[in-house]
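These are the residues of each chain, in order.
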Amino acid sequence: MKKILYVLRHGQTMFNLQKKIQGWCDSPLSPLGIAQAEVARDYFLSQGITFDAAYSSTSERASDTLEIATNYSMPYIRLKGLKEWNFGRFEGESEGLNPQLPYRDFFVRYGGEDEREVQQRVTKTIEEIMRKDGHQSVLVATHGAAGTKFYQSYEAYAVVKKVGSFKNCSIMKYDYDSETEIFTLVEIVEHDFSSLTQ
Amino acid sequence: MKKTLYLMRHGETIFNVLGKIQGWCDSPLTPEGIKQAKIAGKYFRDHKITFDAAYSSTSERASDTLELVTQNMMPYTRLKGLREHGFGRFEGESEDLNPIPPYGDFFVPYGGEGEIEVRKRISSTIVEIMKKEDHNQVLMVSHGGACINLMREWQDYAKLNHKGRLPNCSILVYEFDSVDETLTLQDIVHHDFSMLDE
């Protein structure tokens, strides 16, 4: 049986604007971030897309984005498994301190997560969500690196390839086959935010 | 009718340890913070205190503290009105940059909240909740600055005084008079965390 999964990144936050490293720490959506989430909401509405179930990371920026994107119209479950990469003592510091990609195990010595650990955590969490009954159309609100790591887990099956980062409020649309348990990325929706002002 | 409010501060967080300003931004509970929350939960169970309803700030540190206190055994509502003082662009910066209290309107030019604004927000949020039916014993998990501001708002009614900061997971016990709609501070419960240092 085919199911559909929509993976949504949160809107721009205050720490994104201030160039602070934000993984397991959190900051409020900026006015632009709120407007971005509203654009995602309007996209779902205009396409007639509805959800049987919705999940967000426990971080407030993801929960707030989900609430706006679903027009505050449905209950949702917050899961730690959908959180961003934990950057340990680098949380809240300047993005200028980030090492070059790929990060691999750089953050482990600072109390953060290893790259593989993040990928397994997020992937396992989404796999478990999609195995549930009655989950034909599901929304998951998560983060830039977390979403990218999930993408990489099933990149070999992707019909559409992701180029560059997973942008604020972008949507990755997946077909999920419940027999084979394979996720196929079929579309990436990147909104035009040019009319929005910071 | 007299109702009882148990208002708590969240457990210790990474930003508390790193000395970072944390209002509307957020960071995870430390292992110490998790233990503090469990000790607060044990206090309620030892005293056979149960709740008709539970509320937390939308910040993850408060939601996580509540789930630990209640052993995740009851549903709860997350409310933005129970959040900490918003510190604007000072969020995530060093606590050394904080002015000497009282803060007054110091943070307003930086996009943060004024002290009176916080005081009115926290007080009206709590009074609105306490007015609800079947809310005779209510648990709320909020923040240090927010709790101090609530105490200031209702200090003329208080049966005791508190000076200085509120320690993590301390519990303010308030009596709510549903006729007069007043909040009277009856007690402050501080826990002995000394065993955590071993």
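Predicted model, so just to flag it, every value in this text is computed and none were measured.

Colleague: Any chance you could explain unusual backbone geometry here in plain terms?
Modeller: Note on backbone geometry: most residues besides glycine have negative phi, and most peptide bonds are trans. Residue Leu101 of chain A is joined to Pro102 of chain A through a cis peptide bond whose omega torsion reads -10 degrees. Secondary-structure assignment places Pro102 of chain A in the loop between β3 (77-79) and α4 (115-131). Phi at Asp134 of chain B takes a positive value of approximately 55 degrees, unusual for a residue other than glycine. Here Asp134 of chain B shows up in the loop between α4 (115-130) and β4 (137-142). Classification of Asp134 of chain B by C-beta neighbours within 10 Å gives exposed; the count is 8.

Colleague: Would you take a moment to explain the packing of α4 of chain B against helix α5 (residues 144-153) of chain B for this structure?
Modeller: Describing two packed helices takes the angle between their axes plus the distance from one axis to the other. All names here are of chain B. Running from N to C, α4 and α5 cross one another at 85 degrees; their axes reach a closest spacing of 8 Å. What the angle tells us is that α4 and α5 run roughly perpendicular. Of the residues in α5, those touching α4 at Glu115, Val118, Arg119, Ile122, Ser123 and Ile126 are Ala146, Asn149, Leu150, Arg152 and Glu153. Of the residues assigned to the contact of α4 with α5, the class counts are five nonpolar, two polar and four charged.

Colleague: Looking at this structure, how should I read the interface of chain B and chain A?
Modeller: A common measure of how large an interface is: the accessible area buried when the components associate. Listed as interface residues are 15 residues of chain B and, on the opposing side, 15 residues of chain A. Here the residues of the side of chain B that touches chain A are counted per class, giving six nonpolar, four polar and five charged.

Colleague: Would you explain the sheet that holds strand β6 (residues 182-189) of chain A in this entry?
Modeller: Within a beta sheet, neighbouring strands are joined by backbone hydrogen bonds and run either parallel or antiparallel to one another. All names here are of chain A. A sheet is described by the order of its strands in space; here six strands give the open sequence β3-β2-β4-β1-β5-β6, paired in mixed fashion. Of all the strands in the sheet, just β3 and β6 have a single pairing partner and so form its edges. Here the strands of the sheet are splayed against their neighbours by 25 degrees on average, with no regard to which way each runs. Here strand β5 (residues 171-177) runs beside β6; their pairing, made up of seven bridges, is antiparallel. Bridging across to β6, Lys173 finds its partner in Glu187. Along the sheet face, α4 touches β1 (2-9), β2 (53-57), β3, β4 (137-142) and β5 and points at about 160 degrees away from the line of β4.

Colleague: Help me out: how do you make sense of α4 of chain A in this one?
Modeller: Given a rise of 1.5 Å per residue, 17 residues ought to cover 24 Å, and the 25 Å separating the end C-alpha atoms of α4 of chain A matches this to within 8%. For α4 of chain A, the secondary structure elements touched by its buried residues are β3, β4 and α5 (144-153) of chain A.

Colleague: Is there a simple way to think about the pairing of β2 of chain A in this case?
Modeller: Strand residues, when the strand is regular, have side chains that alternate between the two faces of the sheet. Residues and elements named next belong to chain A. For β2, a buried count of four out of five residues is recorded, marking the element as mostly surrounded by other parts of the structure. Looking at chain direction, β2 and β4 are connected through four bridges and run parallel. Bridge assignment links Ala54 to a residue of β4, and that residue is Leu139. As paired strands, β2 and β3 are joined by three bridges and run parallel to one another. Bridging from a neighbouring strand, Tyr55 pairs with Ile77 of β3. The parallel pair β2 and β3 is bridged by helix α3 (residues 60-69), and the resulting crossover is right-handed.

Definitions and cut-offs
Residues numbered from 1 in each chain as written. Chains lettered and ligands numbered in written order. Predicted model: local features only at pLDDT ≥ 70, side-chain atom pairs only at ≥ 80, totals over all residues. Helix = DSSP H or I, 4+ residues; strand = E, 2+ residues; numbered from the N terminus. Buried ≥ 20, exposed ≤ 12 C-beta atoms within 10 Å, placed from the backbone. Axes fitted to C-alpha atoms, helices over the stretch in contact; angles between N-to-C directions. Parallel < 35°, antiparallel > 145°, perpendicular 65-115°, else oblique. Contact = placed C-beta atoms within 7 Å. Nonpolar A, V, L, I, M, F, W, Y, C, P; charged D, E, K, R; others polar. Pairing = 2+ DSSP bridges. Expected span 1.5 Å × (residues − 1). Right-handed = clockwise from strand over helix to strand, strands pointing away.

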